[in-house]
Amino acid sequence: MKSVVIFTDEPHVHGGWHGKQLEAAFANRHVKVQFVSLADCVLDFSGSAVGICLPDDAGNPELVFVRGIAGGTLQQITTRLNVLHMLAMQGACVVNTGKAIERTVDKAMTTFLLKQQNVPTPATWVCESRQQAHALIHEQLDAKNKLLIKPLFGSQGRGIRLLDSQSVLPLPMDALVDGVFYLQRFVETGQQSHDYRVLVVGNEPVAAMRRNGQSWLNNVAQGAQCEWIDDKDILELAVKAALVLEIDYCGVDVIRDAHGQLYVLEVNSIPAWRGLQSVTGFNIAQTLADFALKKATR
Ligand SMILES: Nc1ncnc2c1ncn2[C@@H]1O[C@H](COP(=O)(O)OP(=O)(O)O)[C@@H](O)[C@H]1O
Ligand SMILES: [Mg+2]
(Lines give C-alpha, C1' and ligand atoms only; values in the text may rest on other atoms or scores of the structure.)
(Ligands and ions follow the chains in the order given, each with its own letter.)
Protein backbone atom coordinates (compact mmCIF):
# COMPACT_ATOMS: atom_id res chain seq x y z
CA MET A 1 0.00 0.00 0.00
CA LYS A 2 1.31 3.41 -0.97
CA SER A 3 -1.01 5.82 0.75
CA VAL A 4 -3.62 6.19 3.44
CA VAL A 5 -6.25 8.86 3.97
CA ILE A 6 -6.65 10.23 7.47
CA PHE A 7 -9.97 11.93 8.01
CA THR A 8 -9.56 14.87 10.34
CA ASP A 9 -11.36 18.10 11.03
CA GLU A 10 -8.03 19.93 10.92
CA PRO A 11 -6.36 18.84 7.65
CA HIS A 12 -4.46 22.16 7.38
CA VAL A 13 -2.40 21.22 10.48
CA HIS A 14 -2.00 17.55 9.53
CA GLY A 15 -4.58 16.44 12.07
CA GLY A 16 -2.72 18.02 15.00
CA TRP A 17 -0.45 16.02 17.32
CA HIS A 18 -2.26 12.71 16.75
CA GLY A 19 -2.34 13.12 12.96
CA LYS A 20 1.37 13.89 12.87
CA GLN A 21 2.15 10.89 15.07
CA LEU A 22 0.25 8.66 12.66
CA GLU A 23 1.86 10.33 9.65
CA ALA A 24 5.32 9.52 11.02
CA ALA A 25 4.27 5.97 11.88
CA PHE A 26 2.92 5.34 8.36
CA ALA A 27 6.04 6.97 6.87
CA ASN A 28 8.12 4.37 8.76
CA ARG A 29 6.28 1.79 6.65
CA HIS A 30 6.75 3.86 3.46
CA VAL A 31 3.08 4.80 3.34
CA LYS A 32 2.15 8.38 2.51
CA VAL A 33 -0.60 10.10 4.46
CA GLN A 34 -3.17 12.47 2.99
CA PHE A 35 -5.20 14.51 5.45
CA VAL A 36 -8.78 15.08 4.38
CA SER A 37 -11.86 16.58 5.99
CA LEU A 38 -15.03 14.53 5.56
CA ALA A 39 -16.77 17.85 4.98
CA ASP A 40 -14.76 18.34 1.76
CA CYS A 41 -15.84 15.10 0.07
CA VAL A 42 -18.27 15.07 -2.88
CA LEU A 43 -20.69 12.26 -3.60
CA ASP A 44 -21.06 12.16 -7.37
CA PHE A 45 -23.93 9.99 -8.52
CA SER A 46 -24.03 11.36 -12.07
CA GLY A 47 -22.04 8.75 -13.94
CA SER A 48 -22.35 5.02 -14.38
CA ALA A 49 -20.03 4.38 -11.44
CA VAL A 50 -20.57 5.80 -7.97
CA GLY A 51 -18.08 8.54 -7.25
CA ILE A 52 -16.92 9.28 -3.73
CA CYS A 53 -14.65 12.18 -4.56
CA LEU A 54 -12.02 13.08 -2.01
CA PRO A 55 -10.23 16.41 -2.32
CA ASP A 56 -6.59 16.80 -3.41
CA ASP A 57 -6.61 13.74 -5.66
CA ALA A 58 -6.87 11.42 -2.70
CA GLY A 59 -8.58 9.08 -5.17
CA ASN A 60 -10.05 5.74 -4.15
CA PRO A 61 -8.27 5.01 -0.91
CA GLU A 62 -7.69 1.42 0.12
CA LEU A 63 -7.28 2.46 3.73
CA VAL A 64 -8.87 5.33 5.62
CA PHE A 65 -8.17 6.13 9.23
CA VAL A 66 -10.73 8.29 11.01
CA ARG A 67 -9.33 10.81 13.49
CA GLY A 68 -12.06 13.42 13.40
CA ILE A 69 -15.55 14.11 12.23
CA ALA A 70 -16.28 17.82 12.38
CA GLY A 71 -19.42 18.77 14.28
CA GLY A 72 -22.37 20.03 12.26
CA THR A 73 -26.08 19.74 11.64
CA LEU A 74 -27.80 16.36 11.75
CA GLN A 75 -27.73 16.35 7.93
CA GLN A 76 -24.01 17.14 7.80
CA ILE A 77 -23.06 14.48 10.32
CA THR A 78 -25.29 11.95 8.57
CA THR A 79 -23.59 12.76 5.24
CA ARG A 80 -20.11 12.51 6.76
CA LEU A 81 -20.88 9.15 8.35
CA ASN A 82 -22.41 8.01 5.07
CA VAL A 83 -19.12 8.75 3.31
CA LEU A 84 -17.49 6.29 5.71
CA HIS A 85 -20.22 3.70 5.16
CA MET A 86 -20.04 4.10 1.36
CA LEU A 87 -16.24 3.88 1.27
CA ALA A 88 -16.45 0.63 3.24
CA MET A 89 -19.21 -0.67 0.94
CA GLN A 90 -16.94 0.05 -2.00
CA GLY A 91 -14.19 -2.04 -0.48
CA ALA A 92 -12.05 0.43 1.46
CA CYS A 93 -10.71 -0.60 4.84
CA VAL A 94 -12.11 1.96 7.30
CA VAL A 95 -10.64 2.27 10.81
CA ASN A 96 -12.80 2.75 12.85
CA THR A 97 -15.88 1.84 10.85
CA GLY A 98 -18.79 4.24 10.59
CA LYS A 99 -20.87 1.69 12.46
CA ALA A 100 -18.45 1.53 15.38
CA ILE A 101 -18.20 5.31 15.52
CA GLU A 102 -21.99 5.68 15.52
CA ARG A 103 -22.35 3.17 18.34
CA THR A 104 -19.73 4.72 20.56
CA VAL A 105 -20.26 8.41 19.93
CA ASP A 106 -23.75 7.99 21.35
CA LYS A 107 -23.32 7.25 25.04
CA ALA A 108 -26.86 5.84 25.33
CA MET A 109 -26.23 3.26 22.59
CA THR A 110 -22.92 2.30 24.20
CA THR A 111 -24.63 1.87 27.57
CA PHE A 112 -27.38 -0.21 25.98
CA LEU A 113 -24.93 -2.53 24.23
CA LEU A 114 -22.79 -2.94 27.36
CA LYS A 115 -25.86 -3.70 29.50
CA GLN A 116 -27.22 -6.12 26.95
CA GLN A 117 -23.99 -8.13 27.06
CA ASN A 118 -23.69 -7.96 30.86
CA VAL A 119 -20.63 -5.72 30.85
CA PRO A 120 -20.90 -3.76 34.12
CA THR A 121 -21.66 -0.08 33.59
CA PRO A 122 -23.19 2.33 36.13
CA ALA A 123 -26.97 2.67 36.47
CA THR A 124 -28.09 5.07 33.73
CA TRP A 125 -31.31 6.69 32.56
CA VAL A 126 -31.91 8.55 29.30
CA CYS A 127 -34.98 10.66 28.65
CA GLU A 128 -36.15 13.80 26.95
CA SER A 129 -38.80 14.85 29.43
CA ARG A 130 -37.70 17.38 32.02
CA GLN A 131 -40.45 16.15 34.32
CA GLN A 132 -39.30 12.54 34.13
CA ALA A 133 -35.70 13.62 34.60
CA HIS A 134 -36.64 15.55 37.74
CA ALA A 135 -38.55 12.60 39.14
CA LEU A 136 -35.52 10.34 38.56
CA ILE A 137 -33.12 12.87 40.05
CA HIS A 138 -35.28 13.29 43.17
CA GLU A 139 -35.58 9.54 43.62
CA GLN A 140 -31.81 9.01 43.36
CA LEU A 141 -30.84 11.95 45.54
CA ASP A 142 -33.38 10.85 48.17
CA ALA A 143 -31.68 7.44 48.13
CA LYS A 144 -28.38 9.30 48.80
CA ASN A 145 -27.00 8.56 45.33
CA LYS A 146 -25.19 11.26 43.43
CA LEU A 147 -25.89 11.60 39.74
CA LEU A 148 -24.08 12.92 36.69
CA ILE A 149 -25.72 14.58 33.72
CA LYS A 150 -23.66 14.01 30.59
CA PRO A 151 -23.96 15.29 27.06
CA LEU A 152 -24.96 12.28 24.94
CA PHE A 153 -22.18 13.09 22.45
CA GLY A 154 -19.74 14.56 24.99
CA SER A 155 -15.98 14.13 25.14
CA GLN A 156 -12.97 15.08 27.26
CA GLY A 157 -15.17 15.74 30.26
CA ARG A 158 -16.86 18.77 28.71
CA GLY A 159 -20.36 19.64 29.85
CA ILE A 160 -20.67 16.97 32.55
CA ARG A 161 -22.46 18.09 35.69
CA LEU A 162 -22.50 16.50 39.14
CA LEU A 163 -25.79 16.54 41.03
CA ASP A 164 -25.78 15.87 44.75
CA SER A 165 -28.15 16.68 47.58
CA GLN A 166 -26.80 20.24 47.51
CA SER A 167 -27.82 20.74 43.88
CA VAL A 168 -30.48 23.29 43.15
CA LEU A 169 -33.66 21.75 41.76
CA PRO A 170 -35.40 22.21 39.43
CA LEU A 171 -32.40 22.18 37.13
CA PRO A 172 -31.68 25.31 35.16
CA MET A 173 -32.73 24.97 31.52
CA ASP A 174 -29.14 24.78 30.23
CA ALA A 175 -28.62 21.52 32.11
CA LEU A 176 -30.67 19.86 29.44
CA VAL A 177 -28.08 19.07 26.82
CA ASP A 178 -29.44 19.32 23.27
CA GLY A 179 -32.80 18.09 24.42
CA VAL A 180 -31.70 14.82 26.04
CA PHE A 181 -30.97 13.95 29.67
CA TYR A 182 -28.32 11.24 30.08
CA LEU A 183 -28.29 10.63 33.83
CA GLN A 184 -25.82 8.27 35.43
CA ARG A 185 -25.20 7.18 38.99
CA PHE A 186 -21.95 8.62 40.27
CA VAL A 187 -19.35 6.02 41.24
CA GLU A 188 -17.33 7.00 44.33
CA THR A 189 -13.69 5.97 44.01
CA GLY A 190 -12.47 6.86 47.50
CA GLN A 191 -10.11 9.61 48.60
CA GLN A 192 -8.12 10.28 45.44
CA SER A 193 -10.47 10.56 42.48
CA HIS A 194 -9.27 8.35 39.65
CA ASP A 195 -10.31 6.13 36.81
CA TYR A 196 -8.56 4.07 34.13
CA ARG A 197 -8.06 4.35 30.39
CA VAL A 198 -7.25 1.27 28.37
CA LEU A 199 -6.27 1.39 24.71
CA VAL A 200 -7.56 -1.70 22.98
CA VAL A 201 -6.27 -2.44 19.47
CA GLY A 202 -7.54 -5.48 17.58
CA ASN A 203 -9.14 -6.74 20.80
CA GLU A 204 -5.79 -6.67 22.60
CA PRO A 205 -5.16 -4.33 25.53
CA VAL A 206 -2.00 -2.59 24.34
CA ALA A 207 -1.59 0.13 26.98
CA ALA A 208 -3.37 1.28 30.10
CA MET A 209 -3.09 4.01 32.67
CA ARG A 210 -4.62 5.26 35.86
CA ARG A 211 -5.81 8.88 35.61
CA ASN A 212 -5.69 10.79 38.87
CA GLY A 213 -8.09 13.70 38.54
CA GLN A 214 -7.76 17.17 39.99
CA SER A 215 -11.47 16.92 40.74
CA TRP A 216 -13.96 14.10 40.21
CA LEU A 217 -13.37 14.52 36.45
CA ASN A 218 -10.45 12.26 35.53
CA ASN A 219 -9.98 13.25 31.88
CA VAL A 220 -6.42 14.11 30.85
CA ALA A 221 -7.89 17.18 29.13
CA GLN A 222 -9.12 18.25 32.58
CA GLY A 223 -5.66 18.00 34.09
CA ALA A 224 -5.54 14.40 35.36
CA GLN A 225 -2.10 12.90 36.04
CA CYS A 226 -1.29 9.67 34.22
CA GLU A 227 0.28 6.55 35.68
CA TRP A 228 1.05 3.32 33.77
CA ILE A 229 -0.87 0.29 35.05
CA ASP A 230 -1.01 -3.40 34.32
CA ASP A 231 -4.13 -4.75 36.01
CA LYS A 232 -5.54 -7.95 34.54
CA ASP A 233 -9.15 -7.33 35.62
CA ILE A 234 -9.21 -3.83 34.12
CA LEU A 235 -7.59 -4.98 30.87
CA GLU A 236 -9.99 -7.90 30.52
CA LEU A 237 -13.02 -5.71 31.10
CA ALA A 238 -11.83 -3.21 28.51
CA VAL A 239 -11.37 -5.97 25.91
CA LYS A 240 -14.90 -7.22 26.68
CA ALA A 241 -16.25 -3.73 26.00
CA ALA A 242 -14.33 -3.50 22.71
CA LEU A 243 -15.72 -6.88 21.63
CA VAL A 244 -19.27 -5.78 22.45
CA LEU A 245 -18.85 -2.60 20.42
CA GLU A 246 -17.18 -4.52 17.56
CA ILE A 247 -14.56 -1.85 17.20
CA ASP A 248 -11.06 -2.04 15.70
CA TYR A 249 -9.39 0.17 18.26
CA CYS A 250 -10.74 2.23 21.13
CA GLY A 251 -10.04 3.98 24.40
CA VAL A 252 -12.10 2.37 27.14
CA ASP A 253 -12.81 4.33 30.33
CA VAL A 254 -13.07 2.08 33.38
CA ILE A 255 -13.78 3.05 36.98
CA ARG A 256 -13.51 1.05 40.22
CA ASP A 257 -15.78 1.87 43.11
CA ALA A 258 -14.65 1.97 46.74
CA HIS A 259 -15.75 -1.71 47.12
CA GLY A 260 -13.64 -2.89 44.19
CA GLN A 261 -16.39 -3.29 41.60
CA LEU A 262 -15.30 -2.27 38.10
CA TYR A 263 -17.55 -0.48 35.60
CA VAL A 264 -17.07 0.61 32.00
CA LEU A 265 -17.92 4.30 31.69
CA GLU A 266 -17.60 4.75 27.96
CA VAL A 267 -15.83 3.59 24.83
CA ASN A 268 -14.06 6.17 22.65
CA SER A 269 -13.81 5.48 18.94
CA ILE A 270 -11.53 8.46 18.25
CA PRO A 271 -9.49 8.39 21.45
CA ALA A 272 -6.68 10.80 22.25
CA TRP A 273 -3.50 9.00 23.37
CA ARG A 274 -1.10 11.81 24.22
CA GLY A 275 -1.46 11.25 27.98
CA LEU A 276 -1.14 7.51 27.55
CA GLN A 277 1.92 7.94 25.31
CA SER A 278 3.62 9.91 28.09
CA VAL A 279 3.63 6.79 30.32
CA THR A 280 4.09 4.18 27.59
CA GLY A 281 7.45 2.78 26.51
CA PHE A 282 6.61 2.13 22.85
CA ASN A 283 5.12 4.25 20.09
CA ILE A 284 1.33 3.97 20.20
CA ALA A 285 0.84 5.51 16.75
CA GLN A 286 3.07 2.78 15.28
CA THR A 287 0.90 0.10 16.87
CA LEU A 288 -2.19 1.75 15.40
CA ALA A 289 -0.67 2.25 11.95
CA ASP A 290 0.64 -1.32 11.81
CA PHE A 291 -2.72 -2.68 12.91
CA ALA A 292 -4.54 -0.66 10.22
CA LEU A 293 -2.08 -1.72 7.49
CA LYS A 294 -2.45 -5.35 8.49
CA LYS A 295 -6.24 -5.09 8.46
CA ALA A 296 -6.21 -3.40 5.05
CA THR A 297 -4.12 -6.14 3.49
CA ARG A 298 -6.13 -9.01 4.93
N1 LIG B 1 -20.66 7.32 36.59
C2 LIG B 1 -19.57 7.97 36.93
N3 LIG B 1 -19.10 7.98 38.20
C4 LIG B 1 -17.98 8.66 38.56
N5 LIG B 1 -17.26 9.38 37.71
C6 LIG B 1 -17.65 9.42 36.43
C7 LIG B 1 -18.81 8.71 35.95
N8 LIG B 1 -18.96 8.95 34.64
C9 LIG B 1 -17.96 9.75 34.30
N10 LIG B 1 -17.17 10.05 35.35
C11 LIG B 1 -15.98 10.89 35.35
O12 LIG B 1 -16.11 11.83 34.31
C13 LIG B 1 -15.13 11.59 33.30
C14 LIG B 1 -15.72 11.82 31.92
O15 LIG B 1 -16.80 10.96 31.72
P16 LIG B 1 -17.00 10.13 30.39
O17 LIG B 1 -18.26 9.36 30.51
O18 LIG B 1 -15.77 9.38 30.10
O19 LIG B 1 -17.26 11.29 29.31
P20 LIG B 1 -16.26 12.05 28.30
O21 LIG B 1 -16.72 11.56 26.96
O22 LIG B 1 -16.52 13.50 28.50
O23 LIG B 1 -14.85 11.62 28.62
C24 LIG B 1 -14.68 10.16 33.53
O25 LIG B 1 -13.37 9.96 33.05
C26 LIG B 1 -14.75 10.06 35.03
O27 LIG B 1 -13.65 10.68 35.65
MG1 LIG C 1 -14.18 9.63 28.77
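Residues numbered from 1 in each chain as written. Chains lettered and ligands numbered in written order. Predicted model: local features only at pLDDT ≥ 70, side-chain atom pairs only at ≥ 80, totals over all residues.

Novice: Lay out the site of ligand 1 in plain terms, naming residues and giving numbers.
Specialist: Around ligand 1, a shell composed of 22 residues is seen, among which Pro 122, Gly 154, Val 187, Asn 218 and Glu 266 lie nearest. Considering only residue class, the shell around ligand 1 consists of 9 nonpolar, 8 polar and 5 charged. Here the shell around ligand 1 spans two domains, since at least three of its residues come from each of domain 2 (104-119 + 190-281) and domain 3 (124-185). (Near = placed C-beta within 6 Å. Nonpolar A, V, L, I, M, F, W, Y, C, P; charged D, E, K, R; others polar. Domains from an automatic or database assignment.)

Novice: Lay out the environment of Leu 288 with the relevant residues and their values.
Specialist: Looking at where Leu 288 falls in the secondary structure, it is placed in helix H8 (residues 284-296). Judged by C-beta crowding, with 26 C-beta atoms within 10 Å, Leu 288 ranks as buried. Measuring from C-alpha to C-alpha, the distance between Leu 288 and Val 200 comes to 9.9 Å, with 88 residues separating the pair along the chain. If we ignore the near neighbours within four places in the chain, the residues touching Leu 288 are Leu 22, Ala 25, Val 201 and Tyr 249. (Helix = DSSP H or I, 4+ residues; strand = E, 2+ residues; numbered from the N terminus. Buried ≥ 20, exposed ≤ 12 C-beta atoms within 10 Å, placed from the backbone. Contact = placed C-beta atoms within 7 Å.)

Novice: Describe in detail the sheet that holds strand S12 (residues 204-212), supporting the description with residues and values.
Specialist: Taken together, the 5 strands give an open sheet; going across it, the order is S13-S12-S11-S14-S15, and neighbouring strands pair in antiparallel fashion. What marks the edges here is a single partner per strand, and that holds for strand S13 (225-228) and strand S15 (262-268). This sheet shows a mean twist of 30° between the axes of neighbouring strands, independent of strand direction. Bridging between strand S11 (residues 194-201) and strand S14 (residues 249-256) involves 6 bridges; their strand directions are antiparallel. Bridge pairing in S14 links Leu 199 to Gly 251. (Pairing = 2+ DSSP bridges. Axes fitted to C-alpha atoms, helices over the stretch in contact; angles between N-to-C directions.)

Novice: So what's going on with helix H1 (residues 16-28)? Residues and values would help.
Specialist: Helix length check: H1 (13 residues) gives 19 Å between terminal C-alpha atoms against 18 Å at 1.5 Å per residue, within 8%. Within H1 the residues assigned to the buried category are His 18, Gly 19, Gln 21, Leu 22, Glu 23, Ala 25 and Phe 26. Taken together, the buried residues of H1 touch strand S1 (3-7), strand S2 (32-36), strand S5 (63-66) and H8. Downstream of H1 by one or two residues, His 30 has phi in the positive range, about 60°. (Expected span 1.5 Å × (residues − 1).)

Novice: Can you break down unusual backbone geometry residue by residue, with the values?
Specialist: For the bond running from Val 95 to Asn 96, omega is -15°, close enough to zero to count as cis. A positive phi angle is found at His 30, which is not glycine, with a value near 60°. With respect to the helices and strands, the residue His 30 is situated in the loop between H1 and S2. His 30 gets classed as exposed once you count the C-beta atoms within 10 Å, which come to 8.

Novice: Run through the pairing of S5, naming residues and quoting values.
Specialist: Going residue by residue along S5, you find Leu 63 and Phe 65 tucked away on one face and Val 64 and Val 66 tucked away on the opposite face as well. Here S5 runs beside strand S6 (residues 93-95); their pairing, made up of 3 bridges, is parallel. Note on S6: the bridge partner recorded for Val 64 is Val 94. As for the winding sense of the linkage, the β-α-β connection from S5 through helix H2 (residues 74-89) to S6 is right-handed. (Right-handed = clockwise from strand over helix to strand, strands pointing away.)

Novice: Can you explain the packing of helix H4 (residues 107-116) against helix H6 (residues 232-245)? Please cite residues and give values.
Specialist: At a minimum axis separation of 10 Å, H4 and H6 run at an interaxial angle of 110°. Classed by the angle they form, the pair H4 and H6 counts as roughly perpendicular. The segment H4 lies against H6, with Thr 110, Leu 113 and Leu 114 engaging Ala 241, Val 244 and Leu 245. Class assignment of the residues belonging to the contact of H4 with H6 gives a composition of 5 nonpolar, 1 polar and no charged. (Parallel < 35°, antiparallel > 145°, perpendicular 65-115°, else oblique.)

Novice: With reference to specific residues and values, describe the sheet that holds S1.
Specialist: Here we have 4 strands laid out as an open sheet, ordered S2-S1-S5-S6, and parallel in their pairing. Across the chains shown, the open sheet's two edge strands, defined by having one partner strand only, are S2 and S6. When strand polarity is set aside, the average angle formed by the axes of neighbouring strands in this sheet is 25°. Note: S1 against S5, 3 bridges, orientation parallel. In the strand pairing of S5, Val 5 is matched with Val 64.

Any link to function would need more than the numbers given here.
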